[in-house]
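What the coordinates show
So you can see what is in the structure, the chains are spelled out below.
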Amino acid sequence: MIDQIRDLTDQFEKDLASVRDMDTYAAVRNKWLARETGLITASMKRLRDMPREDRPAFGQAMNELRVRVEERMAKLLDGLKLAAREQEIARKSVDVTRPGFPYPLGWEHPIRRLQAEIEQIFVSMGFRVFDCPEVETEYYNFEALNMPRRHPARDAQDTFYFDEAALRLLRTHCSTVQVHAMETMKPPVRAVSAGRVYRRDPFDATHSPMFFQVDVLAVDEGITMGDLKGTLEMFLKRIFHPDTQMRLRPGYFPFVEPGAEVDISCIFCFGKGCRICKQTGWIEILGAGMVHPKVLRMSGVDDSRYSGFAWGMGIDRVAILKYGVEDIRLFFENDLRFLRQF
Ligand code: PHE
């Protein structure tokens, strides 16, 4: 009788150890504790075939076994449930302490950043950022800027035209802002306009068929060359260096009178003379002048009452000087090793 109980106990321990998951658990539980067919109930039934004096001890031992089986099974079930929950949590949860995926972030192109910096300087002086189209008519790019038909600047060799009649073209400069701004705003006008311009130039270290310009226009009563000089000087000192000197040389542009070429003191040798400034101490940086009376009139501004100054400059050229870049193509080839340096 004792042997029987011991066999049952051993067998139960073995079954218990074989439980891996909910399915094997259910099978073992069924085998031992099923109401009619479970091993516990089945063994109890043997009581009837036993000698009367053995029955109490056997019954008691079987009861103890049943309690033990029930307890062990309940404990096992708790363990299984806990493990299942932990597995579920591990599967679903996010480990916030893990390092993130390094995402390559984009950033502004150096030319565009410089453009924004230039615009900001003029915004701080009361100028308004004024956008002009890249695809222009010959009227806005040439005619209204005092470059009538057959003017040499309109040469098809310099300009990208869209059609035979040469009416649509890619703007060759940002001076179109003079016409657009004066047509849309009444004086006083203070506008800064920057963006891409196009010329049929080669693509080499110092040329590109597409580059960037910024033009500035101020039209009001009593505007003089002094206003042009003062504004320019302040701008050049801010964009290059507070000690930057500048000088104006007479220059010709059809849409200004008088016109000037503006030089800055060489930012590499501070005027002493070096390779960059070709030993002159000066670097040519932009074109400027007083808006031509014809241009004022064509855009509907009374030239007997108003005058204005205008100037235009290559942004890429400023970038090349400011950042010491040797080749303009670097700005447009989008080599990240180059762009990341800014
Ligand atoms: N548009 C001229 C250029 O492209 C620059 C300029 C602008 C000159 C305004 C005078 C006044 O070179």
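Everything numeric here is computed off the predicted structure, so don't read it as measured data. (Residues numbered from 1 in each chain as written. Predicted model: local features only at pLDDT ≥ 70, side-chain atom pairs only at ≥ 80, totals over all residues. Heavy atoms only, no water.)

The next point concerns the site of the ligand. With respect to spatial proximity, 13 residues lie near the ligand, and among them H173, S175, R199, Q213 and G312 are the closest. H173 places a polar side-chain atom, nitrogen or oxygen, 3.2 Å from a nitrogen atom of the ligand. Here R199 contributes a side-chain N or O atom positioned 3.0 Å from an oxygen atom of the ligand. With three residues, the top contributor of residues to the shell around the ligand is strand β9 (residues 306-314). Counted by class, the shell around the ligand contains six nonpolar, five polar and two charged residues. (Near = heavy atom within 4 Å. Polar contact = N/O pair within 3.5 Å; in protein donor to acceptor, adjacent residues only side chain to side chain. Helix = DSSP H or I, 4+ residues; strand = E, 2+ residues; numbered from the N terminus. Nonpolar A, V, L, I, M, F, W, Y, C, P; charged D, E, K, R; others polar.)

This part is about the side chain of T159. Topologically, T159 is positioned in the loop between α6 (138-141) and β3 (168-170). Accessibility expressed as a relative area gives 0% for T159, which makes it buried. (Buried < 20%, exposed > 50% of the residue type's maximum accessible area, 1.4 Å probe, protein only.)

Before going further, it helps to examine the packing of aromatic side chains. Summed over the entire model, instances satisfying the criterion amount to 12 aromatic pairs. Geometrically, the ring pair formed by F122 and F235 is tilted, given 5.1 Å between the ring centres and 40° between the ring planes. Of the two residues, F122 sits in helix α5 (residues 110-123) while F235 sits in helix α8 (residues 225-239), which places them 113 residues apart along the sequence. With respect to class, F122 is no different from F235; both count as buried. Ring centres of F253 and F255 lie 6.2 Å apart, and the angle between their planes is 35°; this geometry places the pair in the tilted category. (Phe/Tyr/Trp six-rings, centres within 6.5 Å; stacked < 30°, edge-to-face > 60°.)

It is worth spelling out the packing of helix α1 (residues 2-17) against helix α4 (residues 55-92) at this point. α4 packs onto α1 with a crossing angle of 5° between their chain directions and a minimal axis gap of 11 Å. The orientation of α1 relative to α4 falls into the category roughly parallel. Every residue of α4 that contacts α1 at Q4, I5, L8, T9, F12, E13 and L16 is listed here: F58, A61, M62, L65, R68, V69, R72, M73 and L76. A breakdown of the residues in the contact of α1 with α4 according to their chemical character gives 11 nonpolar, two polar and three charged. (Axes fitted to C-alpha atoms, helices over the stretch in contact; angles between N-to-C directions. Parallel < 35°, antiparallel > 145°, perpendicular 65-115°, else oblique. Contact = heavy atoms within 4.5 Å.)

Along any regular strand the residues' side chains alternate between the sheet's two faces. Strand direction decides the pairing type here: strand β6 (residues 246-250) and strand β7 (residues 256-265), joined by five bridges, are antiparallel. Bridge assignment links P250 to a residue of β7, and that residue is A260. Connecting the antiparallel pair β6 and β7 is a turn made up of five residues. (Pairing = 2+ DSSP bridges.)

Let us look at the domain arrangement of the protein chain. How large an interface is tends to be reported as the accessible area lost when its parts come together. Taken domain by domain, the protein chain consists of domain 1 (2-92) and domain 2 (110-339). One C-alpha centre belongs to domain 1, the other to domain 2, and the line joining them spans 94 Å. (Domains from an automatic or database assignment.)

The sheet built from seven strands is open, its strands ordered β1-β4-β5-β9-β8-β7-β6 with mixed pairing. The strands lining the two open edges of the sheet, one partner per strand, are β1 (128-129) and β6. The strands that α5 touches are β1, β4 (189-198), β5 (210-221) and β9; relative to β4, the one it contacts most, it runs at about 165°. Packing against the sheet, α8 makes contact with β6, β7, β8 (282-291) and β9, and its axis sits at approximately 30° to β9.

This part covers the environment of F160. Of note, F160 is situated in the loop between α6 and β3. F160 gets classed as partly exposed once you look at its relative accessible area, which sits at 28%. Expressed as a C-alpha distance, the spacing of F160 and P209, which sit 49 residues apart in the sequence, is 9.4 Å. Residues contacting F160, with those up to four places away along its chain left out, are L169, L170, Y198, R199, R200 and P209.

As a further point, take α4. End to end, α4 covers 55 Å across 38 residues, agreeing with the expected 56 Å (1.5 Å per residue, within 8%). Looking at the buried positions of α4, the neighbouring elements they touch are α1, α2 (22-33) and α3 (39-45). (Expected span 1.5 Å × (residues − 1).)

Another aspect to go through is the nonpolar core. One finds L236, I285 and W311 to be the most contacted residues of the largest nonpolar core, which totals 48 residues. Leaving out residues up to four positions away in the same chain, W311 has contacts with F122, V214, D215, V216, L228, L232, F235, L286, G287 and A288. Among the nonpolar cores identified, the runner-up in size contains 25 residues, and F130, V177, V179 and L217 belong to it. (Core = buried A, V, L, I, M, F, W, Y, C linked by side-chain atoms within 4.5 Å.)

Here α2 is 12 residues long and its end C-alpha atoms lie 16 Å apart, about the 16 Å a rise of 1.5 Å per residue gives. Every buried residue belonging to α2 is among Y25, V28, W32 and L33, and all of these are buried. Seen from one end, α2 has its buried residues packed into an arc of 100°, which puts them on one side. When the buried face of α2 is taken as reference, the exposed residues oriented beyond 90 degrees from it are D23 and N30. Where the residues of α2 are buried, they touch α1, α3 and α4. The N-terminus of α2 is capped by D21, whose side-chain oxygen sits 3.2 Å from the backbone nitrogen of D23. (Arc of directions from axis to C-beta.)

Per the stated rule, a full pass over the model turns up zero disulfides. Unpaired in this structure, C266 has its nearest cysteine sulfur neighbour in C269, at a distance of 3.6 Å. Classification of C266 as buried rests on a relative accessible area of 1%. Note on C274: no disulfide assigned, nearest cysteine sulfur contributed by C266 at a separation of 3.6 Å. With a relative accessible area of 16%, C274 lands in the buried category. (Disulfide = S-S within 2.5 Å.)

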